[in-house]
Amino acid sequence: MLKIALTGGIGSGKTAVTQHLSALGVPVLDADDFSHQATRAKEPAVAQIAKVFGPGILNASGNLDRAALRQMVFADEGKRKQLEAILHPEIRKRMNEAASTLDAPYVVFSIPLLIETGQATDFDFVLVIEAPAALRAQRVGERSGLSAEDFRAITDVQASDAQRRQAADEVIINDGSLQALHAQVDALHRRLQGLVQ
Ligand code: ATP
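This structure is a prediction, so every number in the text was calculated from the model and none was measured.

1. Considerations on the overall build of the protein
- A count of helical and extended segments in the protein gives nine helices and five strands.
- Along the protein, helices (α) and strands (β) appear in the sequence β-α-β-α-α-α-α-β-β-α-α-α-β-α when read from the amino end.
- Overall size of the protein, expressed as C-alpha extent along the three principal axes, is 50 × 40 × 30 Å.
- The buried share of the protein, reckoned over its 197 residues, is 40%.
- Total accessible area on the protein stands at roughly 10,500 Å², and carbon and sulfur atoms take up 50% of it.
- Computing the positive centroid from 21 side-chain charges and the negative centroid from 24, the protein places the two 3 Å apart.

2. Regarding the pattern of salt bridges
- In this structure the tally under the stated criterion is eight salt bridges.
- Several salt bridges share partner residues, and in doing so they unite E43, E90 and R94 into one network.

3. Regarding the pairing of strand β3 (residues 106-110)
- Burial within β3 is extensive, with five of its five residues counted as buried.
- With burial as the criterion, each face of β3 is covered, one bearing Y106, V108 and S110 and the other bearing V107 and F109.
- In this structure, strand β1 (residues 2-8) lies alongside β3, joined through five bridges in parallel fashion. If you follow L6 over to β3, its bridge partner there is S110.
- Alignment of strand β2 (residues 28-30) against β3, held across three bridges, turns out to be parallel. Bridging from a neighbouring strand, D30 pairs with S110 of β3.

4. Description of unusual backbone geometry
- A positive phi angle, close to 80 degrees, is found at K42, a residue other than glycine.
- Examined against the element boundaries, K42 turns out to sit in the loop between α2 (31-38) and α3 (44-53).

5. Notes on the site of the ligand
- Taken together, 14 residues lie near the ligand, and K14, T15, A16, R143 and N174 sit nearest.
- Note that an oxygen atom of the ligand is positioned 2.8 Å from one of the backbone N or O atoms of A16.
- Starting from 630 Å² of accessible surface for the ligand in isolation, the protein chains cover 74%.
- Among the secondary structure elements, those contributing two or more residues to the shell around the ligand are α1 (14-23) and α6 (133-144).
- Here the element with the most residues in the shell around the ligand is α1; it accounts for three residues.
- A class-by-class count of the residues in the shell around the ligand yields three nonpolar, eight polar and three charged.

6. Focus: the packing of aromatic side chains
- Using the criterion set out here, one finds one aromatic pair in the structure.
- Measuring from centroid to centroid gives 5.0 Å for F109 and F123, while their planes differ by 65 degrees, and the two rings are edge-to-face. Taken together, the residues F109 in strand β3 and F123 in the loop between β3 and β4 (125-130) connect sequence positions 14 residues apart. Each member of the pair, F109 as well as F123, is classed as buried.
- Its guanidinium or amino end placed over the ring of F53, K79 lies 5.9 Å from that ring's centre, counting from NZ or CZ.

7. Here's the deal with the packing of helix α4 (residues 66-74) against helix α5 (residues 77-100)
- Relative to each other, α4 and α5 sit at 125 degrees, their axes nearing to 6 Å. In terms of axis orientation, α4 runs oblique to α5. Counted together, L69, M72, V73 and F74 of α4 and E77, K79, R80 and L83 of α5 form the full contact between these two elements.
- Of the residues that constitute the contact of α4 with α5, the class distribution is five nonpolar, no polar and three charged.

About the criteria used
- Every residue gets a number counted from 1 within its own chain, in the order that chain's sequence is written.
- In keeping with the model being predicted, local features are shown solely for residues with a pLDDT of at least 70 and side-chain atom pairs are shown and tallied solely at 80 or more, while totals for entire chains, interfaces and linings include all residues.
- Just so you know, side-chain values use all the structure's heavy atoms and leave hydrogens and water out.
- Labels follow the DSSP assignment, with helices taken as runs of H or I lasting at least four residues and strands as runs of E lasting at least two, numbered in each case from the N terminus.
- Only protein chains enter the accessibility calculation, which uses a 1.4 Å probe. A residue is then buried if its area is under 20% of the maximum for its type, exposed if over 50%, and partly exposed in between.
- All accessible areas in this document rest on Shrake-Rupley with a 1.4 Å probe, and a residue is counted as covered only by the protein chains that are shown.
- A residue counts as positive if it is Lys or Arg and as negative if it is Asp or Glu; His and the chain ends are not included.
- Lys charges are placed at NZ, Arg charges at CZ, Asp charges at CG and Glu charges at CD.
- By definition here, a salt bridge exists when the distance from a side-chain nitrogen of Lys or Arg to a carboxyl oxygen of Asp or Glu is within 4 Å.
- For two strands to be treated as a pair, DSSP must find no fewer than two bridges joining them.
- Think of it this way: one heavy atom of a residue within 4 Å of a molecule or strand is enough to make that residue near it.
- Polar contact criterion, stated in full: a pair of N or O atoms within 3.5 Å, where within protein one must be able to donate a hydrogen and the other to accept it, and residues adjacent in sequence count only if both atoms are side-chain atoms.
- Only Asp, Glu, Lys and Arg are considered charged, only Ala, Val, Leu, Ile, Met, Phe, Trp, Tyr, Cys and Pro nonpolar, and every remaining residue, Gly among them, polar.
- Between 30 and 60 degrees the pair is tilted, below 30 it is stacked and above 60 it is edge-to-face, where a pair is any two Phe, Tyr or Trp rings, Trp via its six-membered ring, whose centres lie within 6.5 Å.
- Geometrically, a charge over a ring is one whose NZ (Lys) or CZ (Arg) sits within 6 Å of the ring centre while staying within 35 degrees of the ring normal.
- Fitting a line to C-alpha atoms yields each axis, with helices limited to the stretch in contact; the angle taken between N-to-C directions then spans 0 to 180 degrees.
- Here the angle decides the label: under 35 degrees means roughly parallel, over 145 means roughly antiparallel, 65 to 115 means roughly perpendicular, and every other value means oblique.
- Here, residues are in contact when the closest pair of their heavy atoms is within 4.5 Å.

Okay, structure coming up:
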């Protein structure tokens, strides 16, 4: 089973692609889902996070205050690295365990911070989703009301398009309609199926 990593900047269309892959029957493992699982109350990572960030990062029922945590690490690179050092190995382990139970020609690991966390070489194939920054800003603005300023603050700490391209085996440019995006995904699906036969 081929291990495919999918990545891209904020609002590039990762979810639009993984939704279509799921519809094609491809198993998709999303790092964000595993991050949520790993940070549920009573999970070992939560105790480690509380040790670093203080017990105030937990609410009364022992759940992480994700918004407060996001704020803390956003403003402080050292803290962000500490959080990543706790979370990322745990997320990787859980994703690999989930993949080991699957039986399919290929599995897609959707990892927004693939490049930033130096994981690209762990995979057989790296798929990058790309769209012009202005279009991404517009799409996420329409989706969640994110301001242009907040969009820029996020892209400033993410890898650049050039860095992602350097790691890519294939780049899908998502600058047209959803139909056009799906057609590109269909073509890649056929190619990846061909690779394992
Ligand atoms: P994030 O990094 O924030 O998780 P993402 O990379 O998963 O974002 P999506 O959520 O797939 O990106 O896309 C961002 C928004 O743009 C969504 O509202 C989505 O429906 C919309 N979108 C994505 N691709 C297209 C497209 N080709 N045409 C129109 N809208 C699109």
